[in-house]
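The chain contents come next:
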Amino acid sequence: MNADIVPGHALVTGIEQGIYGVASRADEFSVESEIEQFKGSSFSCPMDMSKLREVARGGGFFSYVAGVASYISEWYHVGGLKLTITKMDLPIKSGLSSSAAICVMVARAFNELYGLKLNTKGIMNIAYLGEQRTPSRCGRLDQACAYGVNPVSMVFDGNELDVDRLTVKKTLYYVFADLMAGKDTVQILADLNRAFPFAHSQEDEHVHEALGSDNEKIIQEAMDYIENGEVEKLGDLMKRAQDLFDEKIAPMSPDQLKSPVLHSVINDEHIKKLTYGVKGVGSQGDGTVQLLARDEETQSKLIDYLTNERKMIAYPLTLRPSKAVTKAVITVAGFGTRMYPVTRGVKKEFCPVVDKDGLVKPAILVLLEELDEVGIEEICLVINREEENYYRDFFMKPLSSAHYDKLPENMKKYEQKIMSIGRKLRFVYQDVQNGFGHAVLQSAEFAGGMPVLLLLGDTIYQSYSDVPCTRQLLDTYEQYGKPMVAVHSVPLEDVSSYGIFSGVWEDNEEKVMNLVAIAEKPTPEYAAEYLTVSGRRDSKACYAAFGAYVIDQSIYDRLQYATDNNITNAKGEVELTDALEYVRDSEGMYAFVPDGESYDIGNAKAYRTTVTSFGKS
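Residues numbered from 1 in each chain as written. Predicted model: local features only at pLDDT ≥ 70, side-chain atom pairs only at ≥ 80, totals over all residues. Heavy atoms only, no water.

Turning to the overall build of the chain, a few remarks are in order. Summing up its helical and strand segments, the chain has 23 helices and 25 strands in all. Computed over C-alpha atoms, the radius of gyration of the chain comes to 28 Å, within 12% of the 25 Å expected from 2.2 N^0.38 for 617 residues, which places it in the range of a compact globule. C-alpha atoms of the chain, sized along the principal axes, occupy 85 × 55 × 50 Å. The proportion of buried residues among the 617 residues of the chain is 52%. (Helix = DSSP H or I, 4+ residues; strand = E, 2+ residues; numbered from the N terminus. Rg over C-alpha atoms; globule rule 2.2 N^0.38 Å. Buried < 20%, exposed > 50% of the residue type's maximum accessible area, 1.4 Å probe, protein only.)

Strand order across the open sheet formed by three strands is 1-6-7, with antiparallel pairing between neighbours. Looking at strand neighbours, the two that pair on one side only are strand 1 (8-12) and strand 7 (160-165), the edges of this open sheet. Recorded for the sheet is a direction-independent mean angle of 20° between the axes of neighbouring strands. Note that strand 6 (residues 152-157) and strand 7 share six bridges and pair antiparallel. What sits directly across from D157, in strand 7, is E160. (Pairing = 2+ DSSP bridges. Axes fitted to C-alpha atoms, helices over the stretch in contact; angles between N-to-C directions.)

A few words now on the packing of helix 3 (residues 98-114) against helix 4 (residues 120-131). Here helix 3 crosses helix 4 at 125°, and the two axes come no closer than 8 Å. Classified by the angle their axes make, helix 3 and helix 4 are oblique. Both helix 3 and helix 4 take part in a crossing whose hand is right-handed. Contacts between helix 3 and helix 4 pair S99, A100, C103, V104, A107, R108 and N111 from the former with I123, I126, A127 and E131 from the latter. Across the contact of helix 3 with helix 4, the residue classes break down as seven nonpolar, two polar and two charged. (Parallel < 35°, antiparallel > 145°, perpendicular 65-115°, else oblique. Left-handed = near helix turned anticlockwise from the far one by under 90°. Contact = heavy atoms within 4.5 Å. Nonpolar A, V, L, I, M, F, W, Y, C, P; charged D, E, K, R; others polar.)

Across the junction of F196 and P197, the peptide omega takes the value 0°, indicating a cis bond. Secondary-structure assignment places P197 in the loop between helix 5 (185-193) and helix 6 (202-211). Following Y340, the chain continues into P341 via a peptide bond in cis, with omega recorded as 15°. The topology assignment puts P341 in the loop between strand 12 (327-331) and strand 13 (352-354). Look at Q284: it is not a glycine, yet its phi comes out positive at around 65°. Its place among the elements puts Q284 in the loop between strand 9 (275-280) and strand 10 (288-293). Owing to a relative accessible area of 2%, Q284 belongs among the buried residues under this scheme. Residues other than glycine seldom take positive phi values, yet K521 does so here, at roughly 50°.

A word on the pattern of salt bridges. Evaluated as defined, the whole model comprises 28 salt bridges. A salt bridge links K347 to E349, with the nearest nitrogen and oxygen atoms 3.5 Å apart. In this pair, the class of K347 matches that of E349, namely buried. Here the salt bridges do not stand alone but share partners, grouping D355, D357, K361, E369 and K417 into one network. (Salt bridge = Lys/Arg side-chain N within 4 Å of Asp/Glu carboxyl O.)

Another aspect to go through is the nonpolar core. Core analysis: the biggest nonpolar cluster contains 81 residues, and F29, F43, F110 and L172 have the highest contact counts within it. With sequence-adjacent residues up to four places away left out, F110 is seen in contact with F29, M47, A69, I72, V78, G79, G80, L81, G115 and L116. By size, the runner-up hydrophobic cluster in this structure holds 49 residues, among which are I330, C351, I376 and F614. (Core = buried A, V, L, I, M, F, W, Y, C linked by side-chain atoms within 4.5 Å.)

Turning to the pairing of strand 19 (residues 484-490), a few remarks are in order. The buried fraction of strand 19 is high, at five of seven residues. Taken together, the six bridges between strand 19 and strand 23 (residues 540-551) define a ladder with antiparallel strand orientation. Within strand 23, the residue paired with H488 across the bridge is A544. Both strand 19 and strand 24 (residues 590-592) contribute to a ladder of three bridges, which runs parallel. Across the sheet, the residue bridging to M484 is Y590, located in strand 24.

Our next topic: the sheet that holds strand 4 (residues 42-45). Sheet strands pair via backbone hydrogen bonds, and the direction of the pair is either parallel or antiparallel. The strand order across the open sheet built from four strands is 2-5-3-4, with neighbouring strands paired in mixed fashion. Since the sheet does not close on itself, it has two edges, and those belong to strand 2 (19-26) and strand 4, each with one partner. Between one strand axis and the next, the sheet turns through 15° on average, direction left out of account. The sheet contact formed by strand 2 and strand 5 (residues 80-88) spans eight bridges and is antiparallel. Following the sheet pairing, G21 is matched in strand 5 by I85. Contacting strand 2, strand 3 (29-33) and strand 5, helix 3 crosses the sheet at an angle of about 35° to strand 2.

Helix length check: helix 21 (residues 553-564), at twelve residues, gives a terminal C-alpha distance of 16 Å against a target of 16 Å (1.5 Å per residue), a fit within 8%. Within the span of helix 21, buried status applies to S554, I555, Y556, R558, L559 and A562. The secondary structure elements touched by the buried residues of helix 21 are strand 12, helix 17 (436-441), helix 18 (444-447), strand 17 (452-456), strand 23 and helix 22 (576-587). Following helix 21 by one or two positions, N566 adopts a phi angle in the positive range, close to 55°. (Expected span 1.5 Å × (residues − 1).)

Look at helix 8 (residues 231-249): 26 Å from first C-alpha to last across 19 residues, which is about the 27 Å you get at 1.5 Å a residue. Buried within helix 8 we find V231, L234, G235, L237, M238, A241, Q242, L244, F245, K248 and I249.

Let us now look at the packing of aromatic side chains. Inspection of every chain in the model, using the stated rule, returns 17 aromatic pairs. Taken together, a centroid distance of 6.3 Å and an interplanar angle of 25° make the contact between F110 and Y114 stacked. With a gap of four residues between them, F110 and Y114 both fall in helix 3, about one helical turn apart. With a relative accessible area of 0%, F110 lands in the buried category. Relative to Y543, the ring of W505 has its centre 5.5 Å away and its plane inclined at 85°; by these criteria the two rings are edge-to-face. (Phe/Tyr/Trp six-rings, centres within 6.5 Å; stacked < 30°, edge-to-face > 60°.)

Right, dumping it as structure tokens:
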């Protein structure tokens with residue numbers, strides 16, 4: 001190991017092609033295939049580390065699955081599984097990490113079937129370590145397919161690996177193509193490895209520079225361009241990266257890295273007209289080429305040209321931004337019985353609090369101001385039909401001239417702000433009090449198939465930073481692109497008052513959790529055994545809803561199904577928690593811990609705390 005070597009850094013994404021299968025628990029470990037390419041092929045072995053490792057060393061298609069299974073057998077006390085491969089549209093032996101994909105599939109299957117509570121990075125690591133037991137010995141980049149069609153930044157220094165997701169701000173229309181020429185990856189890596197760990201020639205030094213400090217500059221630029229939506233600059237950067245590779249790296253393996261077919265594509269005048277940039281993939285050579293098309297139309301033209309004129313196999317790869325959240329839903333249809341008798345005459349959401357600016361405001365105004373600040377364009381209030389005038393009178397009806405004229409100048413400006421918030425409000429009605437999930441369902445038409453920020457009308461937030469809690473949640477959703485619930489830690493003895501969310505941390509900061517279970521108001525005993533989340537230094541905690549969610553059409557669909565089929569709790573109510581758990585189990589979901597605190601005004605004890613604590617720095 002050479003400590004002076006700059007850590008490796010790369011941007012990697014999974015592609016739209018893959019390997020698909022179904023898995024179930026079994027006594028042994030077995031794999032069979034229904035696809036034509038491997039039809040009739042099968043593999044079976046006892047769940048025994050030594051025997052599986054022997055298969056892994058033998059090479060071939062099944063060595064990869066055996067390598068992963070051997071690692072699982074060595075480190076986890078689990079049974080076997082049966083894996084049936086049902087579909088494969090991922091090219092093999094083309095530098096597109098098909099071996100890593102099957103390794104990730106096996107690691108994920110064990111994780112799901114036996115509840116190993118591995119996060120995405122954990123699955124990726126086991127897939128890598130399993131593949132290391134085969135003759136393949138692929139590098140750390142390949143298993144990034146575990147993150148799906150999402151670009152990630154990977155920094156690797158020896159055995160240390162850090163992975164961060166990138167936020168795509170503008171759609172990137174890539175094409176990648178099998179150059180149909182072949183390459184010897186083992187030879188390329190052997191040639192490049194001669195320069196490591198210490199440089200013994202000028203050529204070696206060039207490789208260290210290119211893969212070290214030069215590369216780091218390029219990667220940092222690329223991350224900025226991706227996250228700022230500067231597509232044309234990203235294409236120019238691809239050209240610079242290829243030139244750097246050709247100048248400083250290719251001379252180390254001249255037989256493999258002259259890459260005549262790759263360079264014929266790069267220099268093709270017709271392709272230049274359709275692209276912003278073209279470069280090789282991975283260890284390069286004449287394996288695969290990636291092209292950044294100018295738009296969706298030129299992406300299609302590129303595929304046609306490469307397929308029909310260049311006789312290559314080409315595929316689209318479209319990296320899209322997460323759908324920006326521009327709408328919010330707030331449920332305020334409850335009667336506020338826990339705040340009786342004040343709610344005989346005042347909606348609980350209009351109970352006053354002193355905000356951080358020193359103004360006495362209805363709690364709902366504090367919430368709406370935050371949404372206005374973070375750029376929400378439309379806000380849907382789920383209300384009782386007869387209570388609409390509460391909101392119209394406050395947010396849409398101007399003060400009388402006499403009242404307005406008595407206001408100081410700064411409050412006159414604030415009055416205009418209230419009116420501008422009122423113009424964002426929309427109303428839907430929950431005519432029957434049939435639970436929180438039922439209330440949320442009433443906003444389905446307003447959502448229009450788009451993700452929405454869902455909030456509770458009796459909860460307000462105070463951020464510990466300059467970034468509002470809802471903005472933190474929305475920014476994190478854009479990184480991960482799946483339904484997300486904000487959570488906060490609660491004492492074990494209080495869990496029976498909350499929906500509890502359990503999972504494994506996706507990030508080093510322990511802010512984002514890949515959920516593995518959701519339970520509504522569990523007992524402390526059940527939560528202690530099954531729902532605690534492990535953190536740093538073996539600490540354990542339980543996490544409850546913070547009062548903010550990002551939900552999408554999948555959750556609305558499940559709420560509609562529950563309503564149509566009378567799937568309710570003991571009170572006969574449609575639960576949001578049940579819909580969240582269904583979507584988590586079928587499609588995946590994340591939890592996020594905001595840097596802030598939520599305050600409840602829904603009951604007397606919580607309201608007293610809010611009045612005395614909220615708004616204070």
